[in-house]
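# Geometric and topological summary
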Amino acid sequence: MCEALISLLQLSDSPGIVYVSSSAGKLEYVSNEWAKAVLGDVENLTEERVDGVLSQYLKDYKEGSWETKGWPAYLSAYKLSKAAMNADTRILAKKYPGICINCVCPGYVKTDINYYTGI
Ligand SMILES: NC(=O)c1ccc[n+]([C@@H]2O[C@H](COP(=O)([O-])OP(=O)(O)OC[C@H]3O[C@@H](n4cnc5c(N)ncnc54)[C@H](OP(=O)(O)O)[C@@H]3O)[C@@H](O)[C@H]2O)c1
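Quick caveat: nothing in here was measured; it's all calculated off a predicted structure. (Residues numbered from 1 in each chain as written. Predicted model: local features only at pLDDT ≥ 70, side-chain atom pairs only at ≥ 80, totals over all residues. Heavy atoms only, no water.)

This paragraph deals with the packing of aromatic side chains. In total, this model carries three aromatic pairs according to the counting rule given. Between Y57 and Y61, the ring centres sit 5.9 Å apart and the planes meet at 45 degrees, which makes this aromatic pair tilted. With Y57 and Y61 both in helix α3 (residues 47-62) and four residues apart, this pair spans about one turn of that helix. Assessed through its relative accessible area of 5%, Y57 is described here as buried. Following the ring pairs from residue to residue traces out a cluster consisting of Y57, Y61, W66 and W71. (Phe/Tyr/Trp six-rings, centres within 6.5 Å; stacked < 30°, edge-to-face > 60°. Helix = DSSP H or I, 4+ residues; strand = E, 2+ residues; numbered from the N terminus. Buried < 20%, exposed > 50% of the residue type's maximum accessible area, 1.4 Å probe, protein only.)

Have a look at this one:
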């Protein structure tokens, strides 16, 4: 979606993209060491590498071996999707240095996603 809209954003004097991420996507919560190394290798990040991590996660999840392979046991898909989105943010920000591209964590907010337990 971002790639599709970037030509419009480039017409702006101060274009920006803010991804809504989560602190749950921090690399410290990606317990699979291989995935952590790939996503943390900022200089060599590519979309293909990020997709490779997600494909491996999905494969292990479908086979029921995600815990033994070191993927997070709790909220694993959420953590992985946010970690991948953070990596995508870095890739896009590098590709489009003229656009301010960031991701944020909104904090623990009272919404549907946490059954209004947020603060
Ligand atoms: N709330 C928190 O404490 C918290 C903390 C950290 C990060 N975040 C992040 O903040 C963002 C917003 O979450 P929220 O707290 O506002 O939760 P929310 O109230 O549950 O809102 C989630 C929104 O995503 C939409 N959605 C879900 N699946 C979708 C799909 N497959 N395609 C299109 N839209 C979809 C939902 O649409 P419908 O209403 O139509 O279902 C809803 O509008 C999320 O990315 C979440 O990870 C939230």
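Moving on to the site of the ligand. Taken together, 13 residues sit near the ligand, with Y78, K82, G107, V109 and T111 positioned nearest. For the ligand, an oxygen atom lies 2.5 Å from a polar atom in the side chain of Y78. For the ligand, the protein covers 41% of the area, taking 900 Å² as the surface of the free molecule. Tallied by class, residues from the shell around the ligand come to six nonpolar, five polar and two charged. (Near = heavy atom within 4 Å. Polar contact = N/O pair within 3.5 Å; in protein donor to acceptor, adjacent residues only side chain to side chain. Areas by Shrake-Rupley, 256 points an atom, 1.4 Å probe, with all protein chains shown as cover. Nonpolar A, V, L, I, M, F, W, Y, C, P; charged D, E, K, R; others polar.)

Read these as spatial facts, not as claims about activity.
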